[in-house]
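Letter by letter, the chains look like this.
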Protein chains: 4
Amino acid sequence: MTGPASTVDRRAQPRSDPAHWQSALTAIAPNSILIRGYPVDEMMGRLSFAEAVYLLLMGELPTPAIGRMLNAVLVSSLDHGVTPPSTLAARNVATSGAPLKDSVAAGILAFGPNHGGDIESCMRFLDNGLSLVRAGKSVQEAAEAMVDDCVRAKATPPGFGHRFHTRDPRAARLFQMALELELEGEHVRLIRAVERVLDVRKADFDRPVPLNVDGAIAAVSADLGFAYDLGNAIFLISRLPGLIAHAHEERVRQQPMRQIDPKDENYDGSPQRKVPERRA
Amino acid sequence: MTGPASTVDRRAQPRSDPAHWQSALTAIAPNSILIRGYPVDEMMGRLSFAEAVYLLLMGELPTPAIGRMLNAVLVSSLDHGVTPPSTLAARNVATSGAPLKDSVAAGILAFGPNHGGDIESCMRFLDNGLSLVRAGKSVQEAAEAMVDDCVRAKATPPGFGHRFHTRDPRAARLFQMALELELEGEHVRLIRAVERVLDVRKADFDRPVPLNVDGAIAAVSADLGFAYDLGNAIFLISRLPGLIAHAHEERVRQQPMRQIDPKDENYDGSPQRKVPERRA
Amino acid sequence: MTGPASTVDRRAQPRSDPAHWQSALTAIAPNSILIRGYPVDEMMGRLSFAEAVYLLLMGELPTPAIGRMLNAVLVSSLDHGVTPPSTLAARNVATSGAPLKDSVAAGILAFGPNHGGDIESCMRFLDNGLSLVRAGKSVQEAAEAMVDDCVRAKATPPGFGHRFHTRDPRAARLFQMALELELEGEHVRLIRAVERVLDVRKADFDRPVPLNVDGAIAAVSADLGFAYDLGNAIFLISRLPGLIAHAHEERVRQQPMRQIDPKDENYDGSPQRKVPERRA
Amino acid sequence: MTGPASTVDRRAQPRSDPAHWQSALTAIAPNSILIRGYPVDEMMGRLSFAEAVYLLLMGELPTPAIGRMLNAVLVSSLDHGVTPPSTLAARNVATSGAPLKDSVAAGILAFGPNHGGDIESCMRFLDNGLSLVRAGKSVQEAAEAMVDDCVRAKATPPGFGHRFHTRDPRAARLFQMALELELEGEHVRLIRAVERVLDVRKADFDRPVPLNVDGAIAAVSADLGFAYDLGNAIFLISRLPGLIAHAHEERVRQQPMRQIDPKDENYDGSPQRKVPERRA
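Conventions used here
- Residues numbered from 1 in each chain as written.
- Chains lettered and ligands numbered in written order.
- Predicted model: local features only at pLDDT ≥ 70, side-chain atom pairs only at ≥ 80, totals over all residues.
- Heavy atoms only, no water.
- Contact = heavy atoms within 4.5 Å.
- Salt bridge = Lys/Arg side-chain N within 4 Å of Asp/Glu carboxyl O.
- Polar contact = N/O pair within 3.5 Å; in protein donor to acceptor, adjacent residues only side chain to side chain.
- Helix = DSSP H or I, 4+ residues; strand = E, 2+ residues; numbered from the N terminus.
- Nonpolar A, V, L, I, M, F, W, Y, C, P; charged D, E, K, R; others polar.
- Pairing = 2+ DSSP bridges.
- Phe/Tyr/Trp six-rings, centres within 6.5 Å; stacked < 30°, edge-to-face > 60°.
- Buried < 20%, exposed > 50% of the residue type's maximum accessible area, 1.4 Å probe, protein only.
- Lys NZ or Arg CZ within 6 Å of the ring centre and 35° of its normal.
- Buried area = accessible area lost by both parts, 1.4 Å probe.
- Least-squares fit on C-alpha atoms with pLDDT ≥ 70 in both.
- pLDDT = per-residue confidence, 0-100.

### Side note on the interface of chain C and chain D
Contact with chain C, which involves 119 residues of that partner, is made by 118 residues of chain D. Where chain C meets chain D, there are six salt bridges. A salt bridge links Asp229 of chain C to Arg251 of chain D; the shortest N-O distance between them is 2.7 Å. Linking chain C with chain D are 50 residue pairs in polar contact (both at pLDDT 80 or more). Ranked by the residues each element gives to the side of chain C that touches chain D, the list is headed by helix α12 (residues 228-253) of chain C, at 16 residues. Partitioning the side of chain C that touches chain D into residue classes produces 59 nonpolar, 30 polar and 30 charged. Examined bridge by bridge, strand β5 (residues 265-267) of chain C and strand β1 (residues 21-23) of chain D share three bridges and lie parallel to one another. The partner of Tyr267 of chain C across the bridge, within β1 of chain D, is Ser23 of chain D.

### With respect to the packing of aromatic side chains
Summed over all chains, the structure comprises ten aromatic pairs over all chains. Judged by centre distance (5.2 Å) and plane angle (85°), the ring pair of Phe111 of chain A and Phe235 of chain A falls under edge-to-face. Placement of Phe111 of chain A in the loop between α6 (100-109) and α7 (118-134) and of Phe235 of chain A in helix α12 (residues 228-253) is noted, with a sequence separation of 124 residues between them. The same class applies to Phe111 of chain A and to Phe235 of chain A, which are both buried. Seen from the ring of Trp21 of chain D, Arg258 of chain C lies directly overhead, with NZ or CZ sitting 4.1 Å from the centre.

### Describing the interface of chain B and chain C
Taken residue by residue, the interface counts 42 residues in chain B and 42 residues in chain C. Interface of chain B and chain C: buried area, both sides summed, is about 3300 Å²; carbon and sulfur atoms make up 63% of it. Sorting the residues of chain B by area buried against chain C places Leu109, Met257 and Gln259 of chain B first, and these three jointly supply 19% of that buried surface. Inspection of the chain B/chain C interface yields four salt bridges.

### Topic: the relation of the copies chain C and chain D
Of the transformation placing chain C onto chain D, the axial shift is 0.0 Å and the rotation is 180°, giving an RMSD of 0.0 Å. The operation mapping one copy onto its partner corresponds to a two-fold rotation axis. Taking the C-alpha atom as reference, chain C places Ala105 of chain C closest to the rotation axis, 2.3 Å from it. A share of 99% of the interface residues of chain C reappears at the interface of chain D, consistent with the copies meeting face to face through the same patch.

### So, the relation of the copies chain B and chain C
Each of the two chain copies goes to the other by way of a rotation about an axis and a shift along it. The two copies are related by a screw motion: chain B maps onto chain C through a turn of 180° and a shift of 0.0 Å along the axis, at an RMSD of 0.0 Å. Take the interface residues of chain B: 98% of them recur as interface residues in chain C, which is what a same-surface contact looks like.

### With respect to helix α3 (residues 49-58) of chain A
Because the α-helix completes a turn every 3.6 residues, residues three or four places apart line up on one side. Residues and elements named next belong to chain A. Most of α3 is tucked away, with nine of its ten residues classed as buried. Listed in full, the buried residues belonging to α3 are Phe49, Ala50, Glu51, Ala52, Val53, Tyr54, Leu55, Leu56 and Leu57. Looking one or two residues past α3, Gly59 carries a phi angle of roughly 95°, positive in sign.

### Some words on unusual backbone geometry
At Asn31 of chain B, a position not held by glycine, the phi torsion is positive, near 65°. Relative to the elements of secondary structure, Asn31 of chain B occurs in the loop between β2 (26-29) and β3 (32-35). Assessed through its relative accessible area of 30%, Asn31 of chain B is described here as partly exposed. One non-glycine residue, Arg36 of chain D, lies in the positive phi region at around 50°.

### Details of the confidence of the model for chain A
Averaged over all residues, the pLDDT of chain A equals 91, while 92% of them reach at least 70. Prediction confidence for the complex, expressed as pTM and ipTM, is 0.92 and 0.92 respectively.

### So, the sheet that holds strand β4 (residues 38-39) of chain A
Strand pairing in a sheet takes place through backbone hydrogen bonds and is either antiparallel or parallel in direction. All names here are of chain A. The sheet built from three strands is open, its strands ordered β2-β3-β4 with antiparallel pairing. Whereas interior strands pair on both sides, the edge strands pair on one side only; in this sheet they are β2 (26-29) and β4. Relative to β4, strand β3 (residues 32-35) runs antiparallel, the two sharing two bridges. The residue of β4 that forms the bridge with Leu34 is Pro39.

### Side note on the sheet that holds β3 of chain B
All names here are of chain B. Strand order across the open sheet formed by three strands is β2-β3-β4, with antiparallel pairing between neighbours. The open sheet terminates on both sides in strands that have one partner only, identified here as β2 and β4 (38-39). As paired elements, β2 and β3 share four bridges and run antiparallel to each other. Residue pairing in the sheet places Thr26 in a bridge with Ile35 of β3.

Quick look at the structure:
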């Protein structure tokens, strides 16, 4: 039996997938790009990037309120300084002289279960809690049962706890916006109930368990109807510019092949300033 | 000599980098995250994601016009269907059952010099052309000299040519917006001059050389003052949601470990529809 | 509050990790590199690469028999043609003009749970089976119970089933070598018992369930004492040269930015030939 | 125009690649895997992994001497402790809880031009030097001209200089083996001449410029006939087990989400020991 012949034999094998497959995202024709049916050139200038992201992922245009909310969600996790593992992975690739996209890819790989992946865990945690509500418990009772479970398992509830912050300003702002935009749903109400229960029972945990931004994104994303995977994906989109900014800064400000010690960093950027009241 | 001793010896070596290093991006303190000096919770709800990206990468808030322009740039390359190598790399990783972020990272790695990297090449191409203008040539003369160089080198000008489109609707829309928003600068003017010269001299090329969206993004990004690296980075940000959407669709609609043949795809999504006139 | 001050505040926070940490792998001193205590320059020429890999991962030199076995394991999965998702991910990155290492990284990302990750699943499957043996069952009884569980769960047993092969020649060869080298241990004995049970009960499965090379590597790796993670890692090492070869061939033989359809490939390499009897 | 229709239109477009394409690496048929024509099950047990790698990349079986040399090359760069950027990228991904393969992929991305990529640069540097020899210069004169060029450009010659070592023990051992195995060719002879010239002219450089292991691998790989890309690839294969070992150690010995500071590491492995004289 020779090689070419063997290739023919293989073709005779039943294939593990049907010959034709479907995609519902984008239709390409000469001089035409339809994203979920909308010409992309008509979307440009009429939709913000966050709204276009919602359309692509969810299949329909968002309401203006959802668009504002998603913009805020994406802004919330834009960057968190030099210490996250994702940022350090990106900077270590940058110091080797690799292309910027390689730094970004390495940074994305560092969004593991302990770092960003918490969003999916928290969405599942809340959905489990809501099944208690469906079964007849009040939101308060469900929240207490959820915290009981965590205490018994000696586990930090997903979406709670932070290395630096005791009150995460991003979480508070997201909930305030959800309220103002009338987008607060059952996931946000449940996580806020869990937050209150934890405040009472904080002595049962061996570390502080404030609500963190992952928890807030998880609750808001779940209320907006995102799939678990897409909850994590929203975090990826939010964080990408931060990875880019650090990789770029590493390339233009630092010498190549240095040993990067996160504790030795000094911030030398702008002092604190105020965002103008109303712009867009 | 033993291992532990040798470690001490190494410490005595001069290190290749100074003990302290600087970053100007983000200052983290307990319950405070300042991005370029602005509290991120104040940015949320006041800046669109695109405006926040500009702030992080460039150091200052954009004008509202620049904010609108950058939103349009980010929307322009959101997705291009199933055939780009980046999309296929992402789908092939997804079919192995790997986490969504792994698909995304693989897709990003496929933005090589021939795919997205063209933006940096085009920015350099335009800057070289502008140095002719600085040296006394008119924009028209510079454009002709630039095309001459490409013909001599038998090279497609960076930012021109496309596998599918003969008139890229995204490029046209970006230039129209640049004009309307009064953001048209010397890079856009030069690339449009090159486009006109190419239209006359298309017979000198062995493939169609319409302006493509990479060229339009390159010219607009250069006029906005982005560094070369950041021109490519804008494309990464724009394309990330498309990679996510394809990886997610692969996971939820297709069987695992299939052989992905881009020619066998059928679009089964929404028929063409119209974006409502004015929303945001 | 200003940025720099906030940085000082952060330093005052308790850190989540102790200041010092340990590694037992490699000691570096000027002009000295000790891997697990051995000078690397003394290892060169005295250890095969496979033996050095064993030393690095396991901490001690392998016996010559283990060295031969590990060389065979690493050769077994060197390449599997153009159709695996890992190979297609690597080729799709290569066609974009990205550096070779980017293709390789994307290929590695495609070794998800359905592709290579099966080795870890099979090691766990066998360890669960052996716990039945420890509890008093015979190997035959344990194998029957393991198959029963899979039939009940309508699941293919990890390490069994293949898209192309009905009798995987690599698995047979690995077991023959394990026998000859007197390295056959309880994991190999158990998986062979499972293989025999499956042969009798093949009608209970809706697809053929021959033992595959992942199963054979899993059993051999477990008998050699590798951790679950390292079982997968052995597969990565084995497969890396194949990813490199395909990425390199894509770069030198194919035009850039092509659409890669695995079904359109024709093999045009050497016809079948015989490995000389005894070389090394 | 609707989406589905547009897909048909696209099919009518001329495709940028021919329908059929070729690969000369591996032929797969049911129960048969031929790598470069050799049944992989016959290779197992008869070829070392390094020899099989040579076969796959180069198309023919290596001589036993080349097999021994390639084993030594692959052993030479197995690991270099915790400080290289590739190792730190891998460890930072591991601390996020991501799968081991993700750590490995991130580590590979850190083999940029300054880190491993130097092998390709050095191969090109030597080939340029050899073109001087072809044009009539002696090896000594070529080496002097090559060093002159570097001094003029204030550049460190590719393959020379190291962060820690003043005399790289791996380079010395590779050259000794090349001599003993009668594999020393013109690239090794030229780089040794450059080494001697640099020893005399070291005052012309602002840092020590000892030959490093990248230079030695470059010269040996070039003498063995590897393409530039494959020179870098050999380094990837060599280094992969080190990335795996560090990612695995991070996962099993360290707590998650820690800040990894390379300066805080202490080696706590085996003290120095001697490789037994003759094993394989």
